[in-house]
Amino acid sequence: MKTLKIIKIGGNIIDDDNALQQFLKAFATIDAPKILVHGGGKLATKLAQQMQVEVKMIDGRRITDLETLDIITMVYAGKINKNVVAQLQANNCNAIGFSGADGNTIISDKRPSKPIDYGFAGDVKKVNTETLELLLNNNITPVFCAITHDKNGQLLNTNADTIASELAIGFASVYNTELYYCFEKNGVLENVDDDNSVIENINTETYKTLVENKVIFEGMLPKLNNCFHAINHQVNKVCIGKSDMLFDKNNKHTTISK
């Protein structure tokens, strides 16, 4: 069974033109089937402010009303996604940009409005791999933005970490899937102020202890929940750290196991 790498990049790469250029140059050299998933970075917030559309957040999560949905669709599925695809083409990596609506690849349900109404936010319900398999088999790399659809014509803002996790799970029956979350830290840290305090291995038992002892909290919890969701659904490998971990095995990072 072939290995498929699903790699998610965040704002630390998306918001920095030089970092994005360097990452995509290296990503293009990965000689294996691969899917790239990207978040939206700060560009959507910046554009909303320029258009005088109020940016509403609750617990660090964006409230997506219809105006905001228009803006993030323009930014995520348009500006960022096409820029990434164009740069991959420049590095001889044939790529196609995707939202979940394209090829009916990712269907989501609109998140219930209670207890908190996040507006047009989507929770992934189903991943269809057939179209993507055709591309992967022909050495074409899908590039996903953080937009899905509900199969009834409605686009939905969807967490990019979740999209990456669900794609890895969706492909687990046909590939050995590996999931990599690339962000600004070296991995999950024991001490948030010490970049070298990487916890190199976390399993279900140690995770519970780390949460109870409040070593892991706030923004890291949803990311780790996605990691464990993947590893508990036949995904072979899940890693968190800086993007260097993809290219240098000696680079410190966190590996998630059952």
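Presented here is a report on the structure given in the accompanying data block.

The rules we used
Residues numbered from 1 in each chain as written. Predicted model: local features only at pLDDT ≥ 70, side-chain atom pairs only at ≥ 80, totals over all residues. Heavy atoms only, no water. Helix = DSSP H or I, 4+ residues; strand = E, 2+ residues; numbered from the N terminus. Rg over C-alpha atoms; globule rule 2.2 N^0.38 Å. Buried < 20%, exposed > 50% of the residue type's maximum accessible area, 1.4 Å probe, protein only. Phe/Tyr/Trp six-rings, centres within 6.5 Å; stacked < 30°, edge-to-face > 60°. Lys NZ or Arg CZ within 6 Å of the ring centre and 35° of its normal. Salt bridge = Lys/Arg side-chain N within 4 Å of Asp/Glu carboxyl O. Pairing = 2+ DSSP bridges. Contact = heavy atoms within 4.5 Å. Axes fitted to C-alpha atoms, helices over the stretch in contact; angles between N-to-C directions. Arc of directions from axis to C-beta. Parallel < 35°, antiparallel > 145°, perpendicular 65-115°, else oblique. Left-handed = near helix turned anticlockwise from the far one by under 90°.

Overview of the overall build of the protein chain
Stage number 1. Each helix and strand counted, the protein chain has 8 helices and 14 strands in total.
Stage number 2. Against the globule reference of 18 Å for 258 residues, the protein chain gives a C-alpha radius of gyration of 18 Å, in line with a compact fold.
Stage number 3. Summarising its shape, the C-alpha atoms of the protein chain cover approximately 45 × 45 × 35 Å along the three principal directions.
Stage number 4. For the protein chain, buried positions account for 50% of its 258 residues.

A word on the packing of aromatic side chains
Stage number 1. Counted according to the given criterion, the structure contains 4 aromatic pairs.
Stage number 2. Between Tyr 207 and Phe 228, the aromatic rings sit 4.8 Å apart at their centres with planes inclined by 20°, giving stacked as the arrangement. Here the residue Tyr 207 occupies a position in helix 7 (residues 204-212), and Phe 228 occupies one in helix 8 (residues 220-231), the gap between them amounting to 21 residues.
Stage number 3. Seen from the ring of Phe 27, Lys 34 lies directly overhead, with NZ or CZ sitting 5.6 Å from the centre.
Stage number 4. One residue, Lys 110, lies across the ring of Phe 120, its end atom 5.3 Å from the ring centre.

Some remarks on the pattern of salt bridges
Stage number 1. Counting across every chain of the model gives 7 salt bridges.
Stage number 2. Here Asp 161 ties to Lys 8 by a salt bridge, and the two come within 3.1 Å at their closest N and O atoms. Of the two residues, Asp 161 is situated in helix 6 (residues 160-170) and Lys 8 in strand 1 (residues 3-9); the sequence distance between them amounts to 153 residues. Both residues of the pair, Asp 161 and Lys 8, count as buried.
Stage number 3. If you follow the salt bridges from partner to partner, you end up with Lys 8, Asp 161 and Lys 223 in one network.

Details of the sheet that holds strand 5 (residues 95-98)
Stage number 1. Taken in spatial order, the 8 strands line up as 5-8-2-1-11-13-14-12 in an open sheet, and their pairing is mixed. In this open sheet, the two strands that pair with only one neighbour each are strand 5 and strand 12 (201-202).
Stage number 2. Each of strand 2 (34-38), strand 5 and strand 8 (141-144) touches helix 4 (residues 66-90); the most contacted strand, strand 5, lies at about 170° to it.

As for helix 5 (residues 130-137)
Stage number 1. Within helix 5, the full set of buried residues consists of Leu 132, Leu 135 and Leu 136. Buried residues of helix 5, viewed axially, fall in a sector of 95°; they line one side. Opposite the packed face of helix 5, turned more than 90 degrees from it, sit the exposed residues Glu 130, Leu 134 and Asn 137.
Stage number 2. In the stretch just after helix 5, Asn 139 is the one whose phi turns positive, near 60°.

Points about the packing of helix 2 (residues 17-27) against helix 4
For any two helices packed against each other, one specifies the inter-axial angle together with the distance between the axes.
Stage number 1. Contact geometry of helix 2 with helix 4 gives a least axis separation of 9 Å together with a crossing angle of 50°. On the basis of the axis angle, helix 2 is oblique to helix 4. In the crossing of helix 2 with helix 4, the sense of the turn from one axis to the other is right-handed. Two secondary-structure elements touch here, helix 2 through Leu 20, Gln 21, Leu 24 and Phe 27 and helix 4 through Asn 83, Val 84, Gln 87 and Leu 88.

A short note on the pairing of strand 13 (residues 237-241)
Stage number 1. Within strand 13, 4 of the 5 residues are buried, leaving the element largely enclosed by the surrounding structure.
Stage number 2. The sheet contact formed by strand 11 (residues 176-182) and strand 13 spans 5 bridges and is parallel. Residue pairing across strands places Cys 182 opposite Gly 241, the latter belonging to strand 13.
Stage number 3. Sheet analysis places strand 13 next to strand 14 (residues 254-256), joined by 3 bridges and oriented antiparallel. Of the residues in strand 14, the one forming a bridge with Val 238 is Ile 256.

Quick notes on the environment of Asp 109
Stage number 1. Among the structural elements, Asp 109 can be located in strand 6 (residues 106-110).
Stage number 2. Asp 109 sits 68 residues away from Gly 41 along the chain, and the two C-alpha atoms are 23 Å apart.
Stage number 3. Those residues within four positions of Asp 109 in sequence are excluded, and the remaining contacts are Ala 121, Gly 122, Asp 123, Lys 125 and Leu 156.

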